[in-house]
Amino acid sequence: MNILVINAGSSSLKYQVFDMTTESVLARGKVERIGMETAMLTHEPTGRPELREVSEILDHTSAIRRVLRILIDPKEGVLRSIEEVHAAGHRVVHGGEAFSGSVKVDDKVKEEIKRLFDLAPLHNPGALTGILAVEANLPDIPQVVVFDTAFHQTMPPVAFRYPIPNVFYRKHGVRRYGFHGTSHQYVSDRAAELIGKPLEQMKMITCHIGNGGSVTAILDGKSFDTSMGMTPLEGLMMGTRSGDIDPAIVPFAMDKEDLSLNEVNSMLNKHSGLFAVSGGMGDMREIIEAAGEGDRNAKLAFDMYEYRLRKYIGAYAAAMNGIDTLVFTAGVGENSAYLRKAVCDKLTFLGIQLDDSANEARSRDDRRISSPDSRVEVWVIPTNEELMIARDTFREASKALTPQA
Ligand code: AMP
């Protein structure tokens, strides 16, 4: 079965085509600047050169049509015909309390995703547009949605409720949902597989730290707590997001700087975090380099980022009454030996002992970076959210194709 995995945003769309007999990627690519005359398609068939093409693509339906055309192109394509796309899987950021797993798309599911626009106004509308665009082009294939929040639906109320009046939860669904669930689930499953122990018997903390970042405590094989909240703004300090701050800063900033709600929201999401503290750098590589050259703001940004991450790891070790596995993933987690060392060297009280040469080895593979006598196994596991989506889509679509007894 070939599966088209789609990650659609408001003006862009990323895709990968998987052959599920071998779980291999046949092609990947993206369409950017959808809605403009200068939309750009980047297409990369596996093992062959990347191709870029600028053309007018005015909506998501045309973008999918363009993607399908390149997928079956005799020269650049990887499929013989459109009939070889057997199912599509979509990443959807917010599944609210309605979805604790991936599901096949039907009218009710689309309606529910729409109802959740309020909770994810920047993300869910793009995802629904992607679903409708595939439906318009390939009306007969099953489509499956995979939610960033679903993995965290196992959190107990003690972790997911906020200590504010009940009406906000009952009437408006104000609670912790958590995000990056597909990634936390993938790396925790993979870590358990590599260590050779059932995930249910482990106390694991997974750190997905890229541009956005979140930490998850996994107990009894399930997400027990996670640092992102009702929205992806809570928790760690991130590239441009503040993460945890005193909520009283919001009305204070509105009052003192005469800001509107939208302006404060934008300040906390787009002009805070590493970017704000370093004085304009949002990329961790740049910050580490500048800090090394003596830039004090960059050094403070790095130190705060590392400190806040370490505090979460400590908090979750306390939440689970212990930890036996720590996993780093995503852009910073996979690539920055410097950050991993800064964090782990101050967690020796938990029994963490880093193997410095394993930590510094340049590799794209899953690897253990703790020393053999470390009480906690520390791993770097490159995330693969698209493969997770393809697997869930394969499972749900196969159910749809196999008549149930
Ligand atoms: P992601 O959102 O997972 O794609 O992660 C993107 C972020 O990873 C970038 O903003 C960089 O800050 C960070 N990153 C990538 N490579 C490195 C590296 N070698 N060292 C430090 N940070 C890195």
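Please read all numbers here as calculations on a predicted model, not as lab measurements.

## Some points on the overall build of the protein chain
Working step 1: Within the protein chain, the regular secondary structure consists of 15 helices and 14 strands.
Working step 2: Here the protein chain has a C-alpha radius of gyration of 22 Å; the compact-globule value for 405 residues is 22 Å, and the two agree.
Working step 3: Expressed as a percentage of its 405 residues, the buried residues of the protein chain come to 50%.
Working step 4: Summarising the internal contacts of the protein chain: among those between residues at least 6 apart in sequence, 60% fall at separations of at least 24.
Working step 5: For the protein chain, the distance from the average site of its 46 positive side-chain charges to the average site of its 55 negative ones is 2 Å.

## Re the UniProt feature "binding site: Mg(2+)" (unreviewed entry) in the protein chain
Working step 1: Following the UniProt record, one finds the feature "binding site: Mg(2+)" (unreviewed entry) at Asn7 and Glu385. Over a stretch of 379 residues, the named residues converge on one spot in the fold, their C-alpha atoms separated by at most 10.2 Å.
Working step 2: Note on placement: asparagine 7 falls in strand β1 (residues 2-8).
Working step 3: When its relative accessible area of 22% is taken as the criterion, asparagine 7 is described as partly exposed.
Working step 4: Setting aside its immediate chain neighbours within four residues, asparagine 7 contacts Ser12, Leu13, Lys14 and Arg91.
Working step 5: Mapped onto the elements of the fold, glutamate 385 is located in helix α15 (residues 385-401).
Working step 6: If we skip the residues at most four places from it in the chain, glutamate 385 touches Thr182, Ser183 and His208.

## Topic: the sheet that holds strand β2 (residues 13-19)
Consider a sheet: its strands pair through backbone hydrogen bonds, and that pairing is either parallel or antiparallel.
Working step 1: Spatial ordering of the open sheet is given by β5-β4-β3-β2-β1-β6-β8-β7, a layout of 8 strands whose pairing is mixed. Unpaired on one side and paired on the other, β5 (51-57) and β7 (103-104) mark the two borders of the sheet.
Working step 2: Pairing analysis gives 6 bridges linking strand β3 (residues 24-32) to strand β4 (residues 36-45), with the strands arranged antiparallel. In the strand pairing of β4, glutamate 32 is matched with methionine 40.
Working step 3: Those strands touched by helix α1 (residues 60-71) are β1, β2, β3, β4 and β5, and its axis lies near 35 degrees from that of β2.

## Considering the pairing of strand β12 (residues 325-329)
Working step 1: Across the 5 residues of β12, 5 count as buried, placing the element largely inside the fold.
Working step 2: Judged by which residues are buried, β12 turns out to be covered on both faces: Thr325, Val327 and Thr329 on one side and Leu326 and Phe328 on the other are all buried.
Working step 3: Of the strand pairs in this sheet, strand β9 (residues 203-209) and β12 are connected by 5 bridges, and their pairing is parallel. Bridging from a neighbouring strand, cysteine 207 pairs with phenylalanine 328 of β12.

Each value, and the rule that gives it
Residues numbered from 1 in each chain as written. Predicted model: local features only at pLDDT ≥ 70, side-chain atom pairs only at ≥ 80, totals over all residues. Heavy atoms only, no water. Helix = DSSP H or I, 4+ residues; strand = E, 2+ residues; numbered from the N terminus. Rg over C-alpha atoms; globule rule 2.2 N^0.38 Å. Buried < 20%, exposed > 50% of the residue type's maximum accessible area, 1.4 Å probe, protein only. Contact = heavy atoms within 4.5 Å. Lys, Arg positive; Asp, Glu negative; His and termini not counted. Charge placed at Lys NZ, Arg CZ, Asp CG, Glu CD. UniProt positions renumbered as here; feature names shortened; annotations may be inferred. Pairing = 2+ DSSP bridges. Axes fitted to C-alpha atoms, helices over the stretch in contact; angles between N-to-C directions.

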